[in-house]
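Listed below, chain by chain, are the residues.
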Amino acid sequence: MASIVIVLLIVTALSALDCVKANYVIEGFVNKSALSFFGDKQGMIGDLEQTYINVANSHSYTKEVAPSLTNPFIFFHQRKAGGTSLRQTIKDACDRKRYPAHIPCHYNVICDLYSFPLDKPRALYAGHFPWGSQYVFDREEFGTNANRDQFSCLTNFREPVSRVISCVDFRFTSLVLKYKCFDRIPVIELLDTLLTKTDTKGNSCLNEPFRIMSGIYDEDVLNVLGISWNATILPDGSKSYNMKPHFFLKEEYALSQTLHNVAKCAVLILEEPREDTNLVLSKRFPDLYEAGAFKPLIKNQVHRFDKCPPPTNEQIEMIERLTAFERVLYDIILKQNRQAVADMKFL
């Protein structure tokens, strides 16, 4: 697999120039599939995909019971994928149905919280909770009728290149303020940020679906899934990166576990038509849907880059390499979801 070598030079901030308004849709992997980055692993990935499709299909037509203390609903919220507005609609539905709920940023729960409470069960949980949080249901405080395998769930996905750009915009504000427009950020500085920097909460912008849904908690593992890279400091003080996508035992495990876990949940894909999302969620969670949950979904309402030209081809190509592994996952989820929607329309 060919690698990419980029040299980081000392750069100075550009002056604040007026940016040109441009209407565009950010989309990665237009000219090359993510799977093509992992040519010798396509058979293995295909086997994992088929297993996922079989299991997900067995759950896709399930009509979940209303949330309760012994059979709660969990929204595993992936960052920068339309989940904040979704979480608000879930909270509004809880108010109408009077469900006891645990939702960070609501009900006097602090926003900077990423775990379930241990004191007593709730009927609904919605937040940046990683898969595995539900294991607290086996604690004695939750009673003998609670079970860590007894719950319904939803998670959200977004096309990875678009998600990463949104993540940089909202979580690396110093870089945004420095260059004003995304297309002005030098590729090497963007690469350095994505590979080596974390936000104020200690997370990078890479591999968010695996961070939430794989059951893997080590950030040092999560940050480099699907990527092989090293950096060298050159005599002139610049930094040279050698980076390429890769797929080995660690990636096989992460992809397998993530697909295994996601198969149990309904999925909401930000780019898919609104009517398709309504169809899936109204059938899977009728009680919550009728109470107003899951609608409307809104992408980030204010983007610092909205009045800027689109990202450059060089930037997109670099982010594609960084997110190829995530895009393989996204494509598998998308394929199964579209087929399930098509089948539902004919039932």
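Note on numbering: residues in each chain are counted from 1, in written sequence order. Only residues with pLDDT of at least 70 get local features here, since the model is predicted, and only at 80 or more are side-chain atom pairs given and counted; chain-wide, interface and lining totals rely on the full set of residues. Excluded from the side-chain calculations are hydrogens and water; all other atoms, namely the structure's heavy atoms, are used.

**Student:** Sorry if this is basic, but what is going on with the state of the cysteines here?
**Tutor:** Should the sulfur atoms of two cysteines be covalently bonded, the bond is a disulfide. Disulfide: a pair of cysteine sulfur atoms within 2.5 Å of each other. Counting across every chain of the model gives four disulfides. Across the disulfide, C181 is cross-linked to C308 (sulfur-sulfur distance 2.0 Å). Disulfide C181-C308: torsion about the S-S bond near -75 degrees, hence left-handed. Within this pair, whereas C181 is found in the loop between α4 (173-179) and α5 (187-196), its partner C308 is found in the loop between α10 (286-290) and α11 (313-344), the two being separated by 127 residues in sequence. Taking relative accessible area as the criterion, C181 reaches 1% and is therefore assigned buried. Going along the chain from the N terminus, every DSSP run of H or I of four or more residues is numbered as a helix, and every run of E of two or more is numbered as a strand. Buried residues are those whose accessible area, probed at 1.4 Å on protein chains only, stays under 20% of the maximum for their type, while exposed residues exceed 50% and partly exposed ones sit between those limits.

**Student:** Can you help me understand the pairing of strand β7 (residues 239-245) in this one?
**Tutor:** Walk down a regular strand and you will see the side chains alternate between the two sheet faces. At least two bridges found by DSSP between two strands is the condition for calling them paired. Where strand β6 (residues 227-233) lies against β7, seven bridges are found, and the strand directions are antiparallel. Following the sheet pairing, W229 is matched in β7 by M243. Linking β6 back to β7 in an antiparallel pair, the connection comprises five residues, with G237 at a positive phi of about 95 degrees.

**Student:** Is there a simple way to think about the packing of aromatic side chains in this case?
**Tutor:** Aromatic ring pairs are reported here in terms of the distance separating the ring centres and the angle at which the planes meet. Stacked, edge-to-face and tilted labels apply to pairs of Phe, Tyr and Trp rings (six-membered ring for Trp) whose centres lie within 6.5 Å, assigned for plane angles under 30 degrees, over 60, and everything in between, in that order. Under the criterion given, the structure shown has 16 aromatic pairs. Ring centres 5.8 Å apart and planes at 15 degrees place the aromatic pair F116 and F137 in the stacked group. Separated by 21 residues along the polypeptide, F116 in the loop between β3 (101-102) and β4 (124-127) and F137 in the loop between β4 and β5 (152-157) bring together distant segments of the chain. Accessibility assignment for this pair places F116 and F137 in one class, buried. Geometrically, the ring pair formed by F210 and F325 is stacked, given 4.7 Å between the ring centres and 10 degrees between the ring planes.

Honestly, it's all geometry; don't read function into it.
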